[in-house]
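Per-entry structural report
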Amino acid sequence: MRQFTVEKTASRGIAAAPAYLYQEPDLSAETDCITEEQEENEILLFEKAKISVSDELNLLAEKNDIFAAHLEIAEDFTLSEGVLSRIRNEHKNVQLALQETVEELALIFDSMEDAYMKERAADIRDVGKRFMAQLKGTQRPDLAEISQEVIVVAKDLFPSDTVKMNPKYIKGIITEEGGITSHVSIIARSMGIPALVGVGKLLDSLQNGIEVCMDAENGVICIEPDHDILREFQEKQEQFEKRQAYLEELRNQPAVTRDGKKISLCANVGNLEDIERALPMNLDGIGLFRSELLYMENDHFPSEEEQFQVYKAAAELCPQELTIRTLDIGGDKELTYFDFDKEENPFLGWRAIRISLDMKDVFKAQLRAILRASAFGHVRIMFPMIISLEELRAAEELTTQCMEELEQEGMDFDRNIEIGMMIETPASVMLAEEFAKEVDFFSIGTNDLTQYLLAVDRGNRKVADRYSYFHPAVVKAIAAVIAAGHQEGIKVGMCGEMAGDPNATLLLLDLGLDEFSMSAGNLDYIREKILSL
Ligand code: PEP
Ligand code: MG
């Protein structure tokens, strides 16, 4: 028996089943060079593979959006150009040309700091494998064919492997590599399959069929458990499943405290898929739509029309409140198509509203798109990182300008759209009373507020033990902001991680917080807590 703990829980749950070792066939390229006469044939092979891959992905895209994204990658001009130029100019055979092009593209995403963008490299490599399997005439193992209960153990799983898995048989997933923001993790969460990722070397010491237990609540893996340990895991699993069923039942109830206060429970999202995943949780709305993902996933600043389509779809999906935060870029979030000068202190530098106010055309395109979408639902605008009344007024003035323009153009929008701001800087806390007179709502961003109040970098492991939203300074700030908001009769919400922490719920209710907005995965637990208090 071997038992160890790991750090990255990608999807909660407990499982015990025999291991299924997922081993990929060799999909590395042959490295021969080709003669000029062979070039056309190699190009033809690529074009044929591209047709087959597109056909495969077209079919899969009907069932899952991930494959629509893969189809775009497969048909992208950059990929084809990279392969063809390596065949023509460097006389590489098609396999080598493909392998190098895919790696070059994937590395661009690998080098990004943002965890979400980094994981997009996996999608590019996934598409690369699909091409390579076509070129080599080999089949990748198909997890859809598994028909008995197993825990899948793999070096890494690609989105297209995971999406076909049947949760009836796949009881758990363990990967040596990968992060919690990867598609594999996202899919595992949406299917309710417990998953531990990035656990380090494991495959070499396992055989197919060996009994494995995993506790993805506490990050524990046990190989070949003895009888007692196995029983222990099985009991924990039963308890977990009962609790999940109970939490699902609770979803039918609105979040009301025992003394009758209705609390608004909302989700934080980054795109339409997140909204779709959050909706079954019985939401009161979207408390934070992080619009920057739309900018980060693109290769250009998304136009007004491109943004409008997304915001409109979001408003229609979620007819309750939809709070769209304007662009919060800079700090640790960069764009591939825009050069940010290196800064000594990026978190104290040119980010969020500062960029928007300096790049008025970009800002106006977004404001117009949000306003137009407001004709299709209950849309709210929220400004990030505000530190002064001047900034807030400048942003509001631009919004008014956009409204006047739309009016003249005969475009429809909600003339009474609510405009709010994030409270995530110490300055906004100190001026909360003044701000409360000029906005329709506050949303406290404890992720940044904690780092700025305590002067502790939110992403620096070395000071992670000093980063706490339970620090009395943060708690006093939250109390003051809620009081200031209520004094002026506006609602105060929270969209930082603290809102999704059940250990903070009692405190936040006591301070009078009106709205809790969090990742969809935490909603059940916070609802349960609110109902009990
Ligand atoms: C926050 O700072 O608390 C917040 C919600 O914004 P982000 O995490 O996107 O900076
Ligand atoms: Mg923030």
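Rules and cut-offs
Residues numbered from 1 in each chain as written. Chains lettered and ligands numbered in written order. Predicted model: local features only at pLDDT ≥ 70, side-chain atom pairs only at ≥ 80, totals over all residues. Heavy atoms only, no water. Donors = N, O, S within 2.8 Å, 3.2 Å for Na, K, Ca; no water. Helix = DSSP H or I, 4+ residues; strand = E, 2+ residues; numbered from the N terminus. Buried < 20%, exposed > 50% of the residue type's maximum accessible area, 1.4 Å probe, protein only. Pairing = 2+ DSSP bridges. Axes fitted to C-alpha atoms, helices over the stretch in contact; angles between N-to-C directions. Expected span 1.5 Å × (residues − 1). Core = buried A, V, L, I, M, F, W, Y, C linked by side-chain atoms within 4.5 Å. Contact = heavy atoms within 4.5 Å. Phe/Tyr/Trp six-rings, centres within 6.5 Å; stacked < 30°, edge-to-face > 60°. Lys NZ or Arg CZ within 6 Å of the ring centre and 35° of its normal. Near = heavy atom within 4 Å. Polar contact = N/O pair within 3.5 Å; in protein donor to acceptor, adjacent residues only side chain to side chain. Areas by Shrake-Rupley, 256 points an atom, 1.4 Å probe, with all protein chains shown as cover. Parallel < 35°, antiparallel > 145°, perpendicular 65-115°, else oblique. Left-handed = near helix turned anticlockwise from the far one by under 90°. Nonpolar A, V, L, I, M, F, W, Y, C, P; charged D, E, K, R; others polar. Salt bridge = Lys/Arg side-chain N within 4 Å of Asp/Glu carboxyl O.

**Describing the coordination of the magnesium ion (ligand 2)**
Taken together, Glu424 (OE) and Asp448 (OD) make up the full set of protein donors to the magnesium ion (ligand 2), lying 2.1 to 2.2 Å away. A residue pair is termed long-range when its members are at least 10 positions apart, and Glu424 in the loop between β13 (418–423) and α15 (426–430) and Asp448 in helix α17 (residues 446–454) qualify at 24 residues. Take Glu424: its relative accessible area is 2%, and that puts it in the buried class. With a relative accessible area of 3%, Asp448 lands in the buried category.

**Focus on the sheet that holds strand β12 (residues 378–383)**
Taken in spatial order, the eight strands of this closed barrel run β9-β10-β11-β12-β13-β14-β15-β16, and their pairing is parallel. With direction set aside, neighbouring strand axes in the sheet form an average angle of 25°. One ladder, built from five bridges, connects strand β11 (residues 321–325) with β12; its direction is parallel. Note on β12: the bridge partner recorded for Leu322 is Val379.

**Brief notes about helix α14 (residues 389–408)**
Here α14 contains 20 residues, and its C-alpha end-to-end distance of 28 Å stays within 8% of the 28 Å for a straight helix at 1.5 Å per residue. Buried within α14 we find Leu389, Glu391, Leu392, Ala395, Glu396, Leu398, Thr399, Cys402, Met403 and Leu406. Just past α14, the residue Gly410 takes up positive phi, approximately 75°.

**So, the nonpolar core**
Counting 93 residues, the largest nonpolar core has Phe289, Phe383, Phe442, Ile444 and Phe516 as the members making the most contacts within it. Excluding its chain neighbours within four sequence positions, the residues that come into contact with Phe516 are Ile263, Ser264, Leu265, Cys266, Met494, Ala499, Thr505, Leu508, Leu509 and Ile526. Core analysis: the next-biggest nonpolar cluster, separate from the first, contains 33 residues, Ala61, Leu79, Val127 and Ala133 among them.

**What about the packing of aromatic side chains?**
One pair of aromatic rings is described through two measures. These are the centre distance and the angle between the planes. A full pass over the atoms with the stated rule returns eleven aromatic pairs. Here Phe338 and Phe340 contribute two aromatic rings whose centre-to-centre distance is 5.2 Å and whose plane-to-plane angle is 75°, an arrangement assigned as edge-to-face. According to the relative accessible area criterion, Phe338 is partly exposed, its value standing at 23%. Members of the aromatic cluster, connected to one another through ring pairs, are Tyr295, Phe301, Tyr337, Phe338, Phe340 and Trp350. Here Arg372 stacks its cationic end above the ring of Phe308, 4.0 Å away from the centre of that ring. The residue whose ring lies beneath Arg380 is Phe441, and the NZ or CZ to ring-centre distance is 3.6 Å.

**As for the site of ligand 1**
Near ligand 1 there are 14 residues, and of these Arg290, Arg325, Gly445, Asn447 and Arg458 occur at the shortest range. Arg290 is positioned with one of its side-chain polar atoms (N or O) 2.9 Å from an oxygen atom of ligand 1. Note that an oxygen atom of ligand 1 is positioned 2.8 Å from one of the backbone N or O atoms of Asn447. If ligand 1 stood free it would expose 290 Å²; the protein chains cover 98% of that surface. Secondary-structure elements contributing two or more residues to the shell around ligand 1 are β10 (285–290) and α17.

**Digging into the packing of helix α19 (residues 502–511) against helix α20 (residues 523–532)**
At a minimum axis distance of 9 Å, the contact between α19 and α20 shows a crossing angle of 45°. Here α20 runs oblique to α19, going by the angle between their axes. Between α19 and α20 the crossing geometry is right-handed. Across the interface between the two elements, Pro502, Thr505 and Leu509 from α19 touch Tyr525, Ile526, Lys529 and Ile530 from α20. Looking at the contact of α19 with α20, its residues break down into five nonpolar, one polar and one charged.

**Some words on the pattern of salt bridges**
In this structure the tally under the stated criterion is 38 salt bridges. One salt bridge in this structure joins Lys262 and Asp284, with 3.1 Å as the shortest N-O distance. Of this pair, Lys262 sits in the loop between α8 (227–250) and β9 (264–269) while Asp284 sits in the loop between α9 (272–278) and β10; the two residues are 22 residues apart in sequence, bridging distant segments of the chain. On the basis of relative accessible area, Asp284 is assigned to the partly exposed category, the value being 26%. In this structure, Arg277 and Asp274 form a salt bridge, with 3.0 Å as the shortest nitrogen-oxygen distance. Of the two residues, Arg277 and Asp274 both sit in helix α9, three residues apart, roughly one turn of that helix. Take Asp274: its relative accessible area is 22%, and that puts it in the partly exposed class.

**Here we look at the environment of Asp32**
Relative to the elements of secondary structure, Asp32 occurs in the loop between β3 (14–22) and α1 (39–61). As a C-alpha pair, Asp32 and His91 span 59 residues in sequence and 9.3 Å in three-dimensional space.

**A word on the packing of helix α18 (residues 472–487) against α19**
Where α18 meets α19, the axes come as close as 9 Å, and the angle between the chain directions of the two elements is 35°. Contacts between α18 and α19 involve Val475, Ile478, Ala479 and Ile482 from the former and Leu507, Leu508 and Leu511 from the latter. Here the contact of α18 with α19 is built from residues that sort into seven nonpolar, no polar and no charged.

**Comments concerning the environment of Asp448**
Through-space distance from the C-alpha of Asp448 to that of Phe347 is 9.2 Å; in sequence the pair is 101 residues apart. Sequence-distant contacts of Asp448, that is, excluding residues within four places in its chain, are made with Phe347, Arg351, Glu424 and Arg458. Side-chain polar atoms of Asp448 contact the side chain of Arg351, separated by 3.4 Å. In terms of polar contacts, Asp448 uses its side chain to reach the side chain of Gln451, at 3.0 Å.

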